[in-house]
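# Chain and residue survey
Residues per chain are reported as follows:
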Amino acid sequence: MSLPSLPEQKIAEKLSLLNSRGSQLLHRLYNLKKNAQDRLGVVLQEKTFESAIKYISRKFPTVEIRGNAGLNVVHSQRSEILKFLQIPYDLFKDFMEFKDKAMDLFNQISTSQIRFDIALNFDLCKGYLDLVCLYCQILLIVPRIEERKTILGLYHCCHEYQHGTAEASYPRIAQLVHELEHPHRKIVEDLQIFGKQVGEAILTLRPIYMRRMLPTDQMKTGNLLSLTYVPQHMLNPTQCETMPCEYLSLDVYAKWIIFGFLACPQQVSNSQECLALVKIPLHENYVIPLCRDEVMAVHPAFETVFKLMKMDKAEKWLHESAKAAVLHGPRSHVDRRNYLRNALSDLVNILGDQPGLLGPKALVLLMALSLARDEIAWLVRHADAPIPKMSKTKVNPDDMQDRQLPELLFYMHELRALAKKYQQVLRRYFVQYMNGFDHSLLSEVIQKIINVGDDESVIMTSFLHELSTLDIKAAESGQYNVDFSMLRLDWMRLQAYMSAARSQSHLHENRQLAFNMNTVVFHSRMVDQLQDILDDVSDLSFLYHYPKILEYTFSVCSGSNQARYVIAVPLTCAMFLEGNCMHCPEERGAFGERSVKAVNHYLELISKDISGLFGQMCDEYVRLNGALLPFNATNIVKDQARRANDKSKKHGIQEFVMPGRESERKARENYTRMDTSFSLINDLCYTLNHFPTIVVWGHTFVPREFLLGPVEEQFVRILSTLLKFQPEAMDIARPTEVLTGVIGFMTYLRSVENFVNIDMTRVFNVVLLQQTQPLDAHGNPTLCSQYTAWYLESLLRRVSTSNICYSPSRKSFISNHTVLFKAEVYSDPQELKALCELLGPYGIRYLGDKCMHQVMGQVLELKKMVTNNKETLHNIRTNYDKPEVCNEMIKRLKGTDEVLQRMTIIGIIINFRKLLMESMHSVLKKRIPFMIGSILDFKEHFPAEQDSMVVDEMATSAGIECTFDPILAQCLRGLCDNPQTDYVTWCLLMVFVAVGLPNLAFRENSLFRPTLEGHENNAHCIVAAINYLSATFFTLTGNSTVSERMNEFLALATSSLLKLGQLETEKEMPKNRESVYILLGMLVQESPFLTMDLLESCFPYALLRNSYNQAYKKKPTRKREVNTDAGY
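Criteria and thresholds
Residues numbered from 1 in each chain as written. Predicted model: local features only at pLDDT ≥ 70, side-chain atom pairs only at ≥ 80, totals over all residues. Heavy atoms only, no water. Salt bridge = Lys/Arg side-chain N within 4 Å of Asp/Glu carboxyl O. Helix = DSSP H or I, 4+ residues; strand = E, 2+ residues; numbered from the N terminus. Buried < 20%, exposed > 50% of the residue type's maximum accessible area, 1.4 Å probe, protein only. Phe/Tyr/Trp six-rings, centres within 6.5 Å; stacked < 30°, edge-to-face > 60°. Lys NZ or Arg CZ within 6 Å of the ring centre and 35° of its normal. Pairing = 2+ DSSP bridges. 1 Å grid on protein atoms, 1.4 Å probe; cavity = no way out; pocket = protein on both sides within 12 Å on 5 of 7 lines; lining within 4 Å. Points joined across faces, edges and corners; volume = space filled by probe spheres on them. Nonpolar A, V, L, I, M, F, W, Y, C, P; charged D, E, K, R; others polar. Axes fitted to C-alpha atoms, helices over the stretch in contact; angles between N-to-C directions. Parallel < 35°, antiparallel > 145°, perpendicular 65-115°, else oblique. Left-handed = near helix turned anticlockwise from the far one by under 90°. Contact = heavy atoms within 4.5 Å. pLDDT = per-residue confidence, 0-100.

## A short note on the pattern of salt bridges
Taken as a whole, this structure holds 53 salt bridges when the rule is applied. The partner of Glu-831 in a salt bridge is Arg-734, with the nearest N and O atoms 2.8 Å apart. With Glu-831 in helix α39 (residues 829–868) and Arg-734 in the loop between α34 (708–723) and α35 (735–752), this pair connects stretches of sequence that are 97 residues apart. Residue class for Arg-734 comes out partly exposed when judged on its relative accessible area of 22%.

## Describing unusual backbone geometry
Residue Pro-61 follows Phe-60 across a cis peptide bond; omega there is 10 degrees. Examined against the element boundaries, Pro-61 turns out to sit in the loop between α4 (50–59) and α5 (72–76). For Arg-292, which is not glycine, the phi torsion reads 55 degrees and is therefore positive. Turning to its location among the elements, Arg-292 is positioned in the loop between β1 (287–291) and β2 (294–297). Here the phi dihedral of Asn-451 falls at roughly 55 degrees; this positive angle occurs in a residue that is not glycine. Relative to the helices and strands, Asn-451 resides in the loop between α23 (423–447) and α24 (454–468).

## So, the packing of aromatic side chains
The relation between two aromatic rings is expressed through the spacing of the ring centres and the mutual angle of the planes. Inspection of the entire model under this criterion finds 41 aromatic pairs. Considering the side-chain rings of Phe-938 and Phe-942, the 5.9 Å spacing of their centres and the 55 degrees angle between planes classify their relative orientation as tilted. Owing to a relative accessible area of 45%, Phe-938 belongs among the partly exposed residues under this scheme. Chaining the aromatic ring pairs together yields one cluster made of Tyr-787, Trp-790, Tyr-791, Tyr-806, Phe-813, Phe-821, Tyr-826 and Phe-912. Just above the ring of Tyr-686 sits the side chain of Arg-564; from NZ or CZ to the centre is 4.0 Å. We note Arg-594 situated over the ring of Tyr-544; from NZ or CZ to the ring centre the distance is 4.5 Å.

## Some thoughts on the pairing of β1
Burial analysis of β1 places five of its five residues in the buried class, which makes it a mostly covered element. Note: β1 against β2, four bridges, orientation antiparallel. Residue pairing for β2: Pro-289 is matched across the bridge by Val-295. Taking the residues that link successive antiparallel strands as the turn, the β1-β2 hairpin has two residues, and the phi of Arg-292 there is positive, at about 55 degrees.

## Some thoughts on empty space enclosed by the protein
Taken as a whole, this structure holds seven cavities of 30 Å³ or more when the rule is applied. Its volume calculated, the largest cavity comes out at about 130 Å³. Contributing to the lining of the largest cavity are 13 residues, with Ile-844, Arg-845, Arg-913, Met-917 and Thr-956 lying nearest its centre. Of all the secondary structure elements, the ones that give two or more residues to the lining of the largest cavity are α39, α42 (896–927) and α44 (949–957). For the lining of the largest cavity, the leading source of residues is α39, giving five residues. A breakdown of the residues in the lining of the largest cavity according to their chemical character gives six nonpolar, four polar and three charged. By volume, the second largest cavity amounts to about 100 Å³.

## Examining the packing of helix α15 (residues 250–263) against helix α18 (residues 298–308)
Running from amino to carboxyl end, α15 crosses α18 at an angle of 20 degrees, the nearest separation of the two axes being 10 Å. Viewed along their axes, α15 and α18 adopt a mutual orientation that is roughly parallel. In this structure, α15 meets α18 at a crossing whose hand is left-handed. Residues Ile-258, Phe-261 and Leu-262 of α15 pack against Val-298, Ala-301, Phe-302 and Val-305 of α18. Among the residues making up the contact of α15 with α18, the classes are represented as seven nonpolar, no polar and no charged.

## Here we look at the side chain of Ser-112
Topologically, Ser-112 is positioned in helix α6 (residues 78–112). The class for Ser-112 is buried, based on a relative accessible area of 3%. Setting aside residues no more than four positions away along its own chain, Ser-112 makes contact with Gln-9, Ile-11, Ala-500 and Ala-501.

## Details of the pairing of strand β6 (residues 812–815)
The two faces of β6 match: Ser-812 and Ile-814 on one face and Phe-813 and Ser-815 on the other face are all buried. Judged from the four bridges that link them, strand β5 (residues 804–807) and β6 form a sheet pairing that is antiparallel. Across the sheet, the residue bridging to Cys-805 is Ile-814, located in β6. Between β5 and β6, which follow one another and run antiparallel, lie four residues, and Lys-811 among them has a positive phi close to 50 degrees.

## Details of the confidence of the model for the protein
Scored by pLDDT, the protein comes out at a mean of 88, with 95% of its residues at no less than 70. Per-residue pLDDT stays below 50 along residues 1118–1126; that stretch engages in 15 contacts with residues further than four places along the chain or on separate chains.

## What about helix α10 (residues 183–191)?
α10 sits mainly inside the fold: seven of its nine residues count as buried. Within α10, the full set of buried residues consists of Pro-183, His-184, Lys-186, Ile-187, Val-188, Asp-190 and Leu-191.

## Description of the environment of Val-537
Counting through the fold element by element, Val-537 comes out in helix α28 (residues 530–538). Val-537 gets classed as buried once you look at its relative accessible area, which sits at 1%. Spatially, the C-alpha atom of Val-537 lies 7.1 Å from that of Leu-248, the residues being 289 residues apart in sequence.

Structure, rendered in structure tokens:
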């Protein structure tokens, strides 16, 4: 019977399809091994199935189900079990089918006597050796599926229960799985008949593999991967006769050799060349991958096969190989990685500066990426792999940990990014190359070939036609999409035709054709499969299965010179999805989620590291800025005084360090802690800013944006540290100190923009705007709430209860010299302006609202006291022109002193708020003068007949004082239930205050202090309370004008105070009568409703002038009173 023609055999097509299906099958079997427990579900988890499963596993492959009561539980749930096990059982059927098809193709190739040579028929030889490896890998991984017998046996039992007969494929599958209890024996039995052909194919690898496996010293001597070794040849394209072999992974070569000779061990014993070749990978590796993180111990596997084949003589060199792999293998890979780091760094610098070299030097780029990937794969594969016992030695732990691995990963990602960025340059270059040089050279070679069959002639003609019709102009415009997959498949077909023994023209006789076509195929892949070829040489998705290696790689970057390469870790995690098998969609979700989470996790860690360093630097900047504050100048005086007093104790005096001394350096090598932190920040910001985006599974990560959140958190932490707020002790930092620290922090963060492209203004706006609110976005207290609590609960409470006086002249609260707490330190204009800078208009408005709420509480108590004395006050109001009746009624009043005290507290709060508004206006006038001018203009020209509440509220928020306070009105409006009744109440309150003013003259602490322009007991604050409350009360009730009621108040007050001069005895004469008279002058001066003419009509101006004269002439009784800076 004649054999079918070569085209009819379709060897090329079968190799492509079987390799694709074999790779799919291998990954599915791997997933079954990892997830068999989940696949079986409740079947293996229920205790009722334990005895049945043990019986099936023990009797496998022959399981007798008739009359077996132990399988009743299986019979009762046969439908559910069949549903669970259908997919894994079909997988074993696919495995059996693949094995049959592969063996048929091996026989067909053997019968056709195809001659393999990796340098000539690269695609055909690669496909054949890949199929041999896949066959071995699949047969080796099936025995590792622990539940294989349970799956097959249970399915067989349930199928027979359900259908009354066994599944047709079960006997063969069960027998095959049973034979794979010794997988190496089965592999040798199946493939040893093809040993000669496999051995010849592997031997063609020898010259290329030995050239690729050069020691590091020879790589350095030969300047491998160097573009500048011969500068005049830099623009020449790098090419050779075996271009596809040059960038093929060394792992692939090692797998071909190891699995090939494991399947055909007799070739090793029969050929010294084979023996020399197999020793090379055995000296380099002691494990080799089966699938993903599943590895095979190489030396024990060969030992098993050699014992099986009774090759006792091989035992000696096998032990020597194992010892060499453990002792010398790791060290050689360390040297190779060190060399590759330098080589890849040079490539990144040169190709990044001159991307036009990517075209002619594309082969060098792919070789570098392939070598680097192989080294990383070797390291992670061997890091935790068990050492072969036959080596009788231990590996050096330092050789299995590479602290510079991030740098190598970074350069790989950088080269990949360059190739993708300039892919249009590569495409244009190689399209021109193929249309020009490749077409001309190939045409000459084909014309010299004789005795070519019709099929071969048609394929060669199609090659020339496709190269000649390439559209160069379209390629130059960047709009040219071409697919060379048919050309590559035709070339593989031609390899199969011309490599067979009965071909009219053999490929080994036309070597130039093979070399040229292999080059054309490489060029075509650079045009339409750039991403695929980059994945072939630099795919790092296998690191998905080695998370500990990535964690270690990330950890070594912290605080080391590898910090600038740490972005390589999340970039590597972004490649995890590329390791997903397209025929296993069920694992895509897990790969994608893990990749997204890993990228997010590592970017957050990088950002937190940078933020932590920012915190350290900013703490130092704040400290240095704090050293420049004016009050620190006293340290210089103290230091000089101490030196003058202790001249003899030279060594006991600690020298005061002047600000700026830290910048003095004696040597460049003397690194400080700040220098180290600055260097780390520079490196980390560089790496975070280097790659604009990272795209993972539909998610786009912007690395630099991750820095914003941690920086905001660090900013908030710094603010909390600067504030030093202690609620228990009610202690807090001065606003100027906090503002100085904030400015220092912001100044440093501004400089960060020089390293990383982020908008720090956005950070400032977000954080500082939140600090103007009571709570931030996380519900934590802010500067606004903490300063509000301190000023209201600490400062103002102390003012009302301690010897602290409000000074209108100094616009501050001044503490008595007997008080340790210095109120002026927190309330002088400079401090309040700093407070306004920190809190902003929103925060000051919040603080003012809280002040007004406290005023409202005091007014509520005053309203109750007026209600209790309502009848008496009404009689006083109606009989104020009858002195005897008034005096009698005044004596009946209850709580006069309390009313005055509460009015004083209200005045203190209002004056404090006035100081805040003045400071706010000063700050805003400096910051936004044009807007402040517009607000003032709008307020002044607003029609008087319209409601000005909104305008007044806007002006108040800008720090502009209004006659009618809208904020106070909003608070007091809640106390006004009935306008008519409330009007009477407010009138009586003014009467209560007016008749109570003389009581102040009898108090010792009512003395007026000219240096402060105020009274020691803050009685002058009553003036502000009267003016503000009267304007608000009578505007809200609307029964009469405010001026009328103020005239009435002035008449009552002057009448009451003039009675102080009618006292007969000196004992009855009050000590501070003149100081209380001054209140009337202050009231008229501050009130917009009263005039001096009106005052003079009811109170002699000479009396008021005399009161001022007496107050200013009075000498201080204590020396400390003269020093106004230290208190009064």
